[in-house]
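# Coordinates in review
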Amino acid sequence: MISTVVRTCFPAAAKVVADRAEEINKLNVFPVPDGDTGTNMSLTLNTVVGEVQALPADATMDQIAKAITHGSLMGARGNSGVITSQILRGIAEGLVEAKNQEHPTPSDVAHAWRRGVKVAFKAVRKPVEGTILTVLRDVSAKADQLERTKISTRDMLDALVVEAYESVARTPDLLPVLKENGVVDSGAFGFATFLEAFVNAANGKAGELTDFKTTVDAKADVSAKVQIELNDDWEGSEFRYCNEFLFKAEKPFDVDASLAHLATLGDCELIVGAYPDFKVHVHSNEPNRVLEYMLQFGQVYEVFIHNMDMESHDRTAKIAADQAAAEGEKDDEPRKPLGFVAVAAGSGQEEILRSLGVDVVVSGGQTMNPSTADILSAIERANADQVIVLPGNGNIRMAAEAAASACEDAEVAVVPTKTVLQGFSAMFAVDPEASLEDNVAAMTEAIADVRGGEVTTAVRDSQAADGSPIHAGDVMGIQDDSIDVVGSDVAQVTLDLIARMQDEEEGDSLTILAGQDMDDEAFERLVAAIEEAQPDLEVDPHRGEQPLYPVIFSIE
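It is worth spelling out a negative patch on the surface at this point. A cluster of acidic residues, Glu411, Asp431, Glu433, Glu437 and Asp438, forms a negative patch at the surface. As for its placement among the helices and strands, aspartate 438 is situated in helix 19 (residues 436-447).

For strand 9 (residues 451-457), a buried count of 5 out of 7 residues is recorded, marking the element as mostly surrounded by other parts of the structure. In the sheet, strand 9 pairs with strand 16 (residues 551-555) via 5 bridges, with the strands oriented antiparallel. Among the inter-strand pairings, glutamate 454 is bridged to a residue of strand 16, identified as isoleucine 552. Sheet topology note: the strand 9/strand 12 (residues 475-479) ladder contains 5 bridges and is antiparallel. Bridged to threonine 457 within strand 12 is valine 475.

Before going further, it helps to spend a moment on the packing of aromatic side chains. Considering all chains together, one arrives at 7 aromatic pairs under this definition. Centroid distance phenylalanine 253 to phenylalanine 297: 5.4 Å. Interplanar angle 25°. Geometry classified as stacked. Within this pair, whereas phenylalanine 253 is found in the loop between strand 1 (241-249) and helix 12 (255-265), its partner phenylalanine 297 is found in the loop between helix 13 (287-295) and strand 4 (298-307), the two being separated by 44 residues in sequence. A residue is classified by how much of its surface remains accessible, and phenylalanine 253, at 13% relative accessible area, is buried. A relative accessible area of 15% places phenylalanine 297 in the buried class. With a centroid separation of 5.4 Å and 80° between ring planes, the pair formed by tyrosine 293 and phenylalanine 297 is classed as edge-to-face. By relative accessible area, which is 14% here, tyrosine 293 ends up buried.

Below, the discussion takes up helix 1 (residues 2-19). Over its 18 residues, helix 1 extends 26 Å from the first C-alpha to the last, a length consistent with the 26 Å expected when each residue adds 1.5 Å. Where helix 1 bends most, the angle comes to about 30°, and this point is cysteine 9, followed within four residues by the proline proline 11. Among all positions of helix 1, only Ile2, Ser3, Val6, Cys9, Phe10, Ala12, Ala13, Ala14, Val16, Val17 and Ala18 are buried.

With that out of the way, let us pick up the sheet that holds strand 15 (residues 538-543). If you walk across this open sheet you meet the 6 strands as 13-12-9-16-14-15, and the pairing is mixed. Edge strands, defined here as strands with exactly one partner in the open sheet, are strand 13 (482-487) and strand 15. Neighbour-to-neighbour, the strand axes of the sheet open up by a mean angle of 20°, direction not taken into account. Sheet topology note: the strand 14 (residues 509-514)/strand 16 ladder contains 5 bridges and is antiparallel. Bridge pairing links leucine 510 to isoleucine 555 in strand 16.

Next up on the list: the sheet that holds strand 6 (residues 360-363). Read from one edge to the other, the open sheet built from 4 strands follows the order 6-5-7-8, with strand pairing classed as parallel. Two strands in the sheet have a free side with no partner beyond their single neighbour: strand 6 and strand 8 (411-414). Direction aside, neighbouring strands of the sheet carry axes that sit 20° apart on average. Bridging between strand 5 (residues 336-344) and strand 6 involves 4 bridges; their strand directions are parallel. Its bridge partner lying in strand 6, alanine 344 is registered against serine 363. The strands touched by helix 16 (residues 372-381) within the sheet are strand 5, strand 6, strand 7 (384-390) and strand 8, with strand 6 carrying the most contacts at an inclination of about 165°.

The next thing to look at is the pattern of salt bridges. In total, this model carries 19 salt bridges according to the counting rule given. Where arginine 335 meets aspartate 385, a salt bridge forms, and the shortest distance between an N and an O atom there is 2.8 Å. Here arginine 335 is found in the loop between helix 14 (308-332) and strand 5, whereas its partner aspartate 385 is found in strand 7, with 50 residues between them in sequence. Judged by relative accessible area, arginine 335 falls into the partly exposed class, the value being 36%. With its nearest N and O atoms 3.1 Å apart, the salt bridge here joins arginine 354 to glutamate 350. Linking arginine 354 with glutamate 350, this pair stays in helix 15 (residues 347-355), spanning 4 residues, or about one helical turn. For arginine 354, a relative accessible area of 35% translates into the label partly exposed. What emerges from the salt-bridge pattern is a single network uniting Arg89, Glu93 and Arg115.

By size, the foremost hydrophobic cluster in this structure holds 84 residues, and its most contacted members are Trp113, Val341, Ile379, Val387 and Val389. With 10 residues, the top contributor of residues to this core is helix 10 (residues 186-202). In this structure, valine 389 is in contact with Val341, Ile375, Ile379, Ala400, Val412, Ala413, Val414 and Val415, ignoring residues within four places of it in sequence. Among the nonpolar cores identified, the runner-up in size contains 25 residues, and Ala342, Leu390, Val420 and Leu513 belong to it.

By the element assignment, aspartate 496 lies in helix 20 (residues 490-504). A C-alpha to C-alpha distance of 9.3 Å links aspartate 496 and aspartate 484, two positions 12 residues apart in sequence. Of the polar contacts made by the side chain of aspartate 496, one reaches the side chain of glutamine 492; its length is 2.9 Å.

Residues three or four positions apart in an α-helix share a direction because the helix packs 3.6 residues into each turn. Taking 1.5 Å per residue, 15 residues should reach 21 Å; helix 20 reaches 21 Å between its end C-alpha atoms and fits that length. Considering only its buried residues, helix 20 is in contact with strand 9, strand 12, strand 13, strand 14, helix 21 (520-533) and strand 16.

Criteria and cut-off values
Position labels on residues start from 1 in each chain and follow its written sequence. This being a predicted model, a pLDDT of at least 70 is required before a residue's local features are given, and a value of 80 or more before pairs of side-chain atoms are given or counted; all residues contribute to the totals for chains, interfaces and linings. Side-chain figures throughout are based on the complete set of non-hydrogen atoms in the structure, without hydrogens or water. By definition, no residue in a patch forms a salt bridge, and every one has over 30% relative accessible area; like charges are joined within 9 Å, nonpolar side chains (Val, Leu, Ile, Met, Phe, Trp, Tyr) within 5 Å. Using a 1.4 Å probe, accessible areas were evaluated by the Shrake-Rupley method; residue-level cover was limited to the displayed protein chains. When a carboxyl oxygen of Asp or Glu is within 4 Å of a side-chain nitrogen of Lys or Arg, the pair counts as a salt bridge. Charge counting follows a simple rule: Lys and Arg are positive, Asp and Glu are negative, and His as well as the terminal groups are ignored. Charge placement uses NZ in Lys and CZ in Arg. For Asp and Glu, CG and CD serve respectively. Strands here are runs of E lasting at least two residues and helices are runs of H or I lasting at least four, both read from the DSSP assignment and numbered beginning at the N terminus. Burial classes: relative accessible area under 20% of the type maximum marks a residue as buried, over 50% as exposed, and values in between as partly exposed (1.4 Å probe, protein chains only). Any two strands with at least two DSSP bridges between them are considered paired. Pairs were defined over the aromatic rings of Phe, Tyr and Trp, the Trp ring being its six-membered one, requiring ring centres within 6.5 Å. Orientation was assigned from the angle between planes: stacked under 30 degrees, edge-to-face over 60, tilted for the rest. Each residue after the first adds 1.5 Å to the expected span of a helix. At any given residue, the bend is defined as the angle formed between two axes, one fitted to the seven residues that end at that position and one fitted to the seven that begin there. The axes are straight lines fitted to the C-alpha atoms, using for helices just the contacting stretch, and the angles between their N-to-C directions are given from 0 to 180°. Contact between two residues is taken to exist if any of their heavy atoms lie within 4.5 Å; hydrogens are not considered. The definition of a nonpolar core used throughout is a set of buried Ala, Val, Leu, Ile, Met, Phe, Trp, Tyr and Cys residues joined through side-chain atoms within 4.5 Å. Pairing of N or O atoms within 3.5 Å defines a polar contact, subject to two protein rules: one partner must be a possible hydrogen donor and the other a possible acceptor, and residues neighboring in sequence count only if both atoms are side-chain atoms.

Remember, this is a structural readout, not a statement about activity or role.
The following block contains the structure:
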């Protein structure tokens, strides 16, 4: 039965993706410390698993398809998660329509893939070649071709997995930025991994990959184009602390041997760079032993030790507290005509948004994309007849739009802010007496001239927009998804990026937010340096407290 196969194999395949989430994350084009495609895809799939497992034992394929559709949408995080949700929805709907529910034929399989293509491409307004959508279309085309042969269903699924990996290997030829950075598309690779794990589970090899030789050959083609590092995701790990630090070797040391030793102290071990400068990452329960081991070879600096259990617990507790408080307020307060929801990372960002009139701030951003369900819940807590959502990140926009479409109790619109700073400008344009449509138009116009910049540290080798090399540990200045400045000092990179942006198009005002890794004294020095270097630029400094990005700013 199709329903039995789906119900059995989906959780097994989802677990494989979860186990390889970090491997998928590392394929993100930008070498920033928050590549999250694998994490988003895994969280999306795990939400589906929860809904499917909650169904009764005799659930039909139609009921399973509805659970997949609802679970994947509500759990969708980031663009990769939302697109994955639409692919799953389409294929599930196609399987419901299969003529032979007992033993699906190649025609049934091909029909399901065609339905997946139709639904997924409809959800994406501007499909980009060389992404997960390309792989979806290629696999569907292969299914159409095989449908006309006398192939068995099992052999057909085998061939579709091979086609998925071969399509992934072709993504750098279709999307130049992938070839420039030496990676295949992360979403496409994650999708191929899920498909292979699902097919293996259907063939009695749950949890395994590379089950058949043709798939091994196809995956070898992927490996020939990109070096993929395996690094299991920390979630659910027995290790609590995420240890990250820069390391300057004072004498030659064996990187492989060091990695092997770090593996005895924890997991997710990683040493990247070239002598003498390296970036070290490992999850452990005894951070002191990690540092003591590396200190015998050189010096450590910029040490960050995060308690992953506490971070996850704190975020969950904060969301729960916000929800409880909002529910209490909702019971006591009359419904408003117009409300606002925004996504932000950092207590400072949240405080500013609330001062500008935002009713509900969803915790999230680059480092943790909120799900469709998170945003939908926030919309409901806004307690308004009409609600405007500010996603604050391009990777959250699709989840925000999905939440807007799913809301039944209010008229919801999304203003496509790409940064929290654009959200500030958008809120200044609000007219409480205007219609929803007029406010959306005014807010969208207000963000059009807001140019953003952000400064962070590279976590792997890459290259800048001009082709110059980037090494792990370098400080990067990023403007509108382009790495334009590379250096070794956060303040200097910030100054250079601002100067570059002013040379390109002179602005009048600069709003700048200090992240949690920049203290007040360093921030004051930076602001003073900006005012000295750019005397005609009005500087408006604030504490944003965002993680991983010591500086973000906007110029208008």
